[in-house]
Amino acid sequence: MNKQDLLNDPNVIKFIEFFSEKWDSGLEFKVGVKHRGRNAEYNNTTNLKEILDIYSWQYSINTNLEFPEELKRGSQLHESEKVFDFCKKRLLVNGNINANPAELRAATEIILKWGGVFTKGNKNKATNISYDLHKDYQEVVKKWNDINLNNAEFSPIEKLNFTSNAGFTKVYSLLLNDFIIYDSRVSVALAYLIEMCFEK
């Protein structure tokens, strides 16, 4: 399968049409405005566009790396965007993967901590000087370009030459144009939309 095959699939076409029809209203979403701890709070919306305004991600980045104090904590999208901007400037130099391994590791660590996924496996890759993040990220860019620019074949069971998990998709969203973070929140929301589409 390639990207064009996927987009031409009748079920995919139906889902895209359904999604566009429901963009302004017609679905019920419970959106987290405070999600950490026992006192989680949610708002309901029927407007997909409104989710960007009301969704809240409370993050805390504890690090000894050179990182602005005012960026270490936040909850709103504009605050997260400042973290992304700081890290993207250290991941990419003139549109290419930064050749400085220390800056790559630092930016990766900050993003993983922002996302709450600085877990053992991810931590080892982000902080181990013997792990070649630069090579990993080059493979990510190559694969993305092959699929999107060269219409190359791909498979959901294909063995990849780079780390592919919910934590590192947060990093890849800064490396690649039009790449979304894919984690449990996204997959659950997508599954909900697909169910609503094909139950209709």
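So, here is what we can say about the structure in this document. (Residues numbered from 1 in each chain as written. Predicted model: local features only at pLDDT ≥ 70, side-chain atom pairs only at ≥ 80, totals over all residues. Heavy atoms only, no water.)

Before going further, it helps to spend a moment on the pattern of salt bridges. Under the counting rule described, the total for this entry stands at seven salt bridges. Put simply, Asp-85 and Lys-89 hold a salt bridge, and the shortest N to O gap is 3.3 Å. Placement of the pair is Asp-85 and Lys-89 together in helix H4 (residues 77–91), with a separation of four residues, close to one helical turn. Relative accessible area serves as the criterion here: at 55%, Lys-89 is assigned to the exposed category. Across the pair Lys-113 and Glu-109 runs a salt bridge whose closest N-O atoms are separated by 2.8 Å. With Lys-113 and Glu-109 both in helix H5 (residues 101–114) and four residues apart, the pair spans about one turn of that helix. Overall, Lys-113 belongs to the buried group, its relative accessible area being 18%. Note on Glu-109: relative accessible area 11%, which makes it buried. Overlapping salt bridges, with partners in common, bring together Lys-170, Asp-183 and Arg-185 in one network. (Salt bridge = Lys/Arg side-chain N within 4 Å of Asp/Glu carboxyl O. Helix = DSSP H or I, 4+ residues; strand = E, 2+ residues; numbered from the N terminus. Buried < 20%, exposed > 50% of the residue type's maximum accessible area, 1.4 Å probe, protein only.)

Okay, unusual backbone geometry next. The residue Asn-94 is not glycine, and still its phi comes out positive at about 55°. Taking relative accessible area as the criterion, Asn-94 reaches 75% and is therefore assigned exposed. The phi angle at Asn-151 is positive, at roughly 55°, despite the residue not being glycine. For Asn-151, the location among the structural elements is in the loop between helix H7 (133–148) and helix H8 (166–175).

All right, on to the nonpolar core then. Counting residues in hydrophobic clusters, the biggest one holds 30 residues, and the most contacted among them are Val-83, Cys-87, Leu-91, Tyr-137, Tyr-172 and Leu-175. For this core, the elements supplying multiple residues, two or more each, are H4, H5, H7 and H8. Looking at this core, the element that brings in the most residues is H5, giving six residues. When near neighbours in sequence (up to four residues on either side) are disregarded, Val-83 contacts Tyr-59, Ile-61, Phe-67, Leu-71, Ile-110 and Trp-114. (Core = buried A, V, L, I, M, F, W, Y, C linked by side-chain atoms within 4.5 Å. Contact = heavy atoms within 4.5 Å.)

Mapped onto the elements, Lys-72 comes out in the loop between strand E3 (59–60) and strand E4 (73–74). You can call Lys-72 buried: its relative accessible area is 12%.

Another point: the packing of aromatic side chains. Think of a pair of aromatic rings as described by two things: how far the centres are apart, and how the planes are tilted against each other in angle. Taken as a whole and judged by the stated rule, the model has eleven aromatic pairs. The interplanar angle of 75° and the centroid separation of 5.2 Å between the aromatic rings of Trp-144 and Phe-179 together place this pair among those described as edge-to-face. Of this pair, Trp-144 sits in helix H7 while Phe-179 sits in the loop between H8 and helix H9 (184–199), placing them 35 residues apart in sequence. Relative accessible area serves as the criterion here: at 22%, Trp-144 is assigned to the partly exposed category. The class of Phe-179 is partly exposed, set by a relative accessible area of 22%. On the basis of an interplanar angle of 70° and a centroid distance of 6.4 Å, the ring pair of Tyr-172 and Phe-179 is categorised as edge-to-face. One aromatic cluster in this structure is built from Tyr-137, Trp-144, Phe-162, Phe-168, Tyr-172 and Phe-179. Looking at Arg-90, its charged tip hangs above the ring of Phe-86, at a distance of 3.6 Å from the centre. (Phe/Tyr/Trp six-rings, centres within 6.5 Å; stacked < 30°, edge-to-face > 60°. Lys NZ or Arg CZ within 6 Å of the ring centre and 35° of its normal.)

To continue, consider H5. Between its first and last C-alpha atoms H5 spans 20 Å; for 14 residues at 1.5 Å apiece the expected length is 20 Å, and the two agree. When you tally the buried positions in H5, you get eleven out of 14 residues, the bulk of the element. Its buried side turned inward, H5 meets E3, H4, strand E6 (96–97), helix H6 (120–127), H7 and H8. (Expected span 1.5 Å × (residues − 1).)

Below, the discussion takes up the packing of H7 against H8. For the pair H7 and H8, the least separation of the axes is 11 Å and the interaxial angle reads 65°. In terms of axis orientation, H7 runs roughly perpendicular to H8. As for the relative orientation of H7 and H8, their crossing is right-handed in sense. Residues Leu-133, Tyr-137 and Val-140 of H7 touch H8, and the partners they reach there are Phe-168, Val-171, Tyr-172 and Leu-175. (Axes fitted to C-alpha atoms, helices over the stretch in contact; angles between N-to-C directions. Parallel < 35°, antiparallel > 145°, perpendicular 65-115°, else oblique. Left-handed = near helix turned anticlockwise from the far one by under 90°.)

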